[in-house]
Amino acid sequence: GEAQMSAKKAQNSNLGERTLQFQLLNADESVRETSAAVKQNESVTFKAIQYSLADLGGEKSKDFTYYIREVIPEGATDNKDGTYTKDGVKYDGHTETVVVTVTDNEDGTLSVKYGESDSYTTAIFSNNYSAADNSKADII
């Protein structure tokens, strides 16, 4: 069995050609993979995670937790509303939790579910860019 997860940057023409990155984290919040840079309305697909019977540790079924988040640049301001701002770009600070349930089908195969679903729904992150935010920062 294998799990395939993805993330998408929502469409926002204000972002222009600015790029953003996503990270896939393990349950302990260590970084498993950092995506290539994507522009608005683009998606990234993380490397598939392969599971074997050994991963189940003798159980018939086991849950594996992962997190997907946007990379927030160093020095960004915490807006205290789940977003961060740097250089006029507002970043989406939410973390998407993905629980992958791997089950032994007892026929030599493993099945993978995402929550209650057989298919993974791409996590969507929103960003915005405002030159006004930028000029406001200059006044301080």
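Engineer: Go over the sheet that holds strand 4 (residues 31-34) with me, naming the residues and quoting the values.
Structural biologist: The strand order 4-3-7-11-12 describes an open sheet built from 5 strands, whose pairing is antiparallel. Edge positions in the sheet fall to strand 4 and strand 12 (110-114), since each of these pairs with one other strand and no more. Shown here is a sheet whose adjacent strand axes are inclined to one another by a mean of 25 degrees, direction ignored. In this sheet, strand 7 (residues 61-70) lies alongside strand 3 (residues 22-25) in antiparallel orientation, the contact comprising 4 bridges. Its bridge partner lying in strand 7, Q23 is registered against R69.

Engineer: Tell me about unusual backbone geometry, and name the residues and values.
Structural biologist: Glycine aside, negative phi is the norm for most residues, and most peptide bonds take the trans geometry. The backbone of N41 shows a phi angle near 70 degrees, a positive value even though the residue is not glycine. Looking at the element boundaries, N41 is found in the loop between strand 4 and strand 5 (43-45). Note on N41: relative accessible area 38%, which makes it partly exposed. Phi angles above zero are rare outside glycine, and D87 is one such case at about 50 degrees. Its place among the elements puts D87 in the loop between strand 9 (83-86) and strand 10 (89-92).

Engineer: Give me the lowdown on the pattern of salt bridges, citing residues and values where you can.
Structural biologist: Oppositely charged side chains can pair when the atoms bearing their charge come close. For the structure on display, the rule yields 4 salt bridges. Between K39 and E17 there is a salt bridge; the shortest N-O distance is 2.9 Å. Of the two residues, K39 is situated in the loop between strand 4 and strand 5 and E17 in the loop between strand 2 (6-9) and strand 3; the sequence distance between them amounts to 22 residues. The class for K39 is partly exposed, based on a relative accessible area of 30%. For K47, the salt bridge goes to E33, with nearest N and O atoms at 3.9 Å. Taken as a pair, K47 in the loop between strand 5 and strand 6 (49-50) and E33 in strand 4 lie far apart in primary sequence, 14 residues in all.

Engineer: Which residues make up the sheet that holds strand 5, and what are the values?
Structural biologist: Strand order in the open sheet formed by 3 strands is 5-2-13, and the pairing between neighbours is mixed. At either margin of the open sheet sits one strand with a lone partner, and together these are strand 5 and strand 13 (123-125). Pairs of neighbouring strands in the sheet enclose a mean axial angle of 20 degrees, with direction left out of account. In this sheet, strand 13 lies alongside strand 2 in parallel orientation, the contact comprising 3 bridges. Note that in strand 13 the partner of A7 across the bridge is A123.

Criteria and cut-off values
Residues numbered from 1 in each chain as written. Predicted model: local features only at pLDDT ≥ 70, side-chain atom pairs only at ≥ 80, totals over all residues. Heavy atoms only, no water. Pairing = 2+ DSSP bridges. Helix = DSSP H or I, 4+ residues; strand = E, 2+ residues; numbered from the N terminus. Axes fitted to C-alpha atoms, helices over the stretch in contact; angles between N-to-C directions. Buried < 20%, exposed > 50% of the residue type's maximum accessible area, 1.4 Å probe, protein only. Salt bridge = Lys/Arg side-chain N within 4 Å of Asp/Glu carboxyl O.

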